[in-house]
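Here is how the chains run, residue by residue.
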Amino acid sequence: MDRIRGALALVVSALFLLALPAVSSASNKESECCFAVASGETGEITLTWNNNPQAEANIETVHTGTELLKWDWGNQELDEYSESQGVPSIERAALDHKQIRGVDLYTESSVSTNEKYWYAYPVFDPSNCDLEANPAPRLTEEPFASVESLEGTPYAVRQRLKGQKYVLEFTTPGDFVNWFCADGPLGVDGPLGANGYADASKQPDGPGFFFVKLPPRAFLRHSHGQPDRKELTMVKHVSFSACSGAPATAMPCDRYTLNEDITYRARFTWFDSAMLREKAKQL
């Protein structure tokens, strides 16, 4: 009798377990497909070296003249949004178990310099160049959009997007003109801050990437009542005077003034996953 009761107990336990809902690692994951995601950036940096080589002849090297850098790029890809344990993610949508490549639509850039490097007045070396790059559109497996933790972004981004846990980064794998003949955009520091180091909040961005707030989760989940499209346009301006390793008022000093103007663009357009193959053919 005890054996019969034991067997019945095992059967009841098994039936109870079968009635429980299945639990898997995917049970905490939500996803939504699909979005056509377009991103782009138009920017310009002007760098002016405003020195007096005759008055500052004791300086080892000073500049005079200007640099002008311009760029304009645009990308498009088909993405899927997902959340796992509350962590958001954006990645390329897939067909036949393979991620769909994105298209680098255009990457235009140019640099023009007209400078003089003064070693001892009136002796100088000229530095002039005019270069352009405009590679053809191409498909690429490199992602354009990704969700990043705010704490891992540059200081200026953390200041601008303070209070956000996650942010959206857009990048381009496009080939820019060779900036070898120019000091900007990455060859100069921002102005010195109160701590004696370059003020990272005023460091120019330069071309190739930008960070923005993540669109609302409800939109990315395509919840009821949400629009099918979200667009973003952001304009950023940076302007300062500084010099190599010292305040711009210090003497001796190789002084410069930098102006950067950038317009960032991003657009999310939702479409039904049944249209994914047709949308992929249109890239």
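Reading guide: rules and limits
Residues numbered from 1 in each chain as written. Predicted model: local features only at pLDDT ≥ 70, side-chain atom pairs only at ≥ 80, totals over all residues. Heavy atoms only, no water. Helix = DSSP H or I, 4+ residues; strand = E, 2+ residues; numbered from the N terminus. Buried < 20%, exposed > 50% of the residue type's maximum accessible area, 1.4 Å probe, protein only. Contact = heavy atoms within 4.5 Å. Areas by Shrake-Rupley, 256 points an atom, 1.4 Å probe, with all protein chains shown as cover. Disulfide = S-S within 2.5 Å. Phe/Tyr/Trp six-rings, centres within 6.5 Å; stacked < 30°, edge-to-face > 60°. Lys NZ or Arg CZ within 6 Å of the ring centre and 35° of its normal. Pairing = 2+ DSSP bridges. Axes fitted to C-alpha atoms, helices over the stretch in contact; angles between N-to-C directions. Salt bridge = Lys/Arg side-chain N within 4 Å of Asp/Glu carboxyl O. Core = buried A, V, L, I, M, F, W, Y, C linked by side-chain atoms within 4.5 Å. pLDDT = per-residue confidence, 0-100.

To continue, consider the overall build of the protein. For the protein, the count of helices and strands is four helices and 13 strands. Taking all 283 residues of the protein together, the buried fraction comes to 39%. Partitioning the contacts of the protein with sequence separation of at least 6, the portion at a separation of at least 24 is 74%. About 16000 Å² of surface is accessible on the protein, with carbon and sulfur atoms providing 52% of the total.

Throughout the structure, instances matching the rule amount to two disulfides. Covalent S-S linkage joins Cys33 and Cys34, the inter-sulfur distance amounting to 1.8 Å. The disulfide joining Cys33 to Cys34 has a torsion of about 75° about its S-S bond and is therefore right-handed. Classification of Cys34 as buried rests on a relative accessible area of 0%. One disulfide bridge connects Cys129 with Cys181, the sulfur atoms lying 1.9 Å from each other.

Attention now moves to the packing of aromatic side chains. Enumeration according to the criterion identifies 11 aromatic pairs in this entry. With 5.0 Å between their ring centres and 65° between their planes, Trp49 and Tyr256 make a pair best called edge-to-face. Here Tyr256 lies in strand β13 (residues 255-270) and Trp49 lies in strand β1 (residues 29-49), a separation of 207 residues in the sequence. Measuring from ring centre to ring centre gives 4.8 Å for Trp118 and Phe124, while their planes differ by 45°; the resulting arrangement is tilted. Here Trp118 falls in the buried class, since its relative accessible area comes to 11%. Look at Phe124 and you get partly exposed, because its relative accessible area is 32%. Counting every residue linked through ring pairs, the aromatic cluster contains Phe35, Trp73, Phe170, Phe210, Phe219, Tyr264 and Phe268. One residue, Arg92, lies across the ring of Phe144, its end atom 4.9 Å from the ring centre. Looking at Lys116, its charged tip hangs above the ring of Phe124, at a distance of 4.6 Å from the centre.

Read from one edge of the open sheet, three strands run β9-β10-β11, paired in antiparallel fashion. A strand with exactly one partner marks an edge of an open sheet, and here the two such strands are β9 (145-149) and β11 (209-213). Geometrically, the sheet is characterised by an average inter-axis angle of 35° between neighbouring strands, direction not taken into account. In the sheet, β9 pairs with strand β10 (residues 166-171) via five bridges, with the strands oriented antiparallel. Bridged to Ser146 within β10 is Glu169.

The next point concerns the pattern of salt bridges. In the structure shown here, the tally under the stated rule is eight salt bridges. Note that Arg265 and Asp72 form a salt bridge whose closest N and O atoms lie 3.6 Å from each other. Here Asp72 lies in strand β2 (residues 62-84) and Arg265 lies in strand β13, a separation of 193 residues in the sequence. Classification of Arg265 by relative accessible area gives partly exposed; the value is 25%. Residue Asp72 is classed as partly exposed on the basis of its relative accessible area of 22%. Asp104 is paired through a salt bridge with Arg138; the nearest N and O atoms lie 3.8 Å apart. Here Asp104, found in strand β6 (residues 102-120), pairs with Arg138, found in strand β8 (residues 138-140); they are 34 residues apart in sequence, far enough to count as distant. Connected via shared salt-bridge partners are Glu83, Arg217 and Arg221.

With respect to the helices, strands and loops of the structure, Thr269 is situated in strand β13. Setting aside anything within four residues of it in sequence, one finds Thr269 in contact with Cys34, Phe35, Ala36, Asp228 and Arg229.

This part takes up the nonpolar core. Counting residues in hydrophobic clusters, the biggest one holds 39 residues, and the most contacted among them are Val111, Leu168, Phe170 and Phe268. Examining the composition of this core, we find that seven residues originate from one element, β13, more than from any other. Contacts of Val111, omitting those with residues within four sequence positions, involve Leu68, Leu69, Cys129, Asp130, Leu131, Val177, Asn178, Trp179, Cys181 and Ala182. If you look at the next biggest cluster of nonpolar residues, it comprises eight residues, including Cys34, Leu78, Ala93 and Ile100.

Turning our attention to the confidence of the model for the protein. Looking at the protein as a whole, its pLDDT mean stands at 84, while 82% of the residues score no less than 70. pLDDT under 50 marks residues 1-27. Its contacts with residues more than four places away, or in other chains, come to zero contacts.

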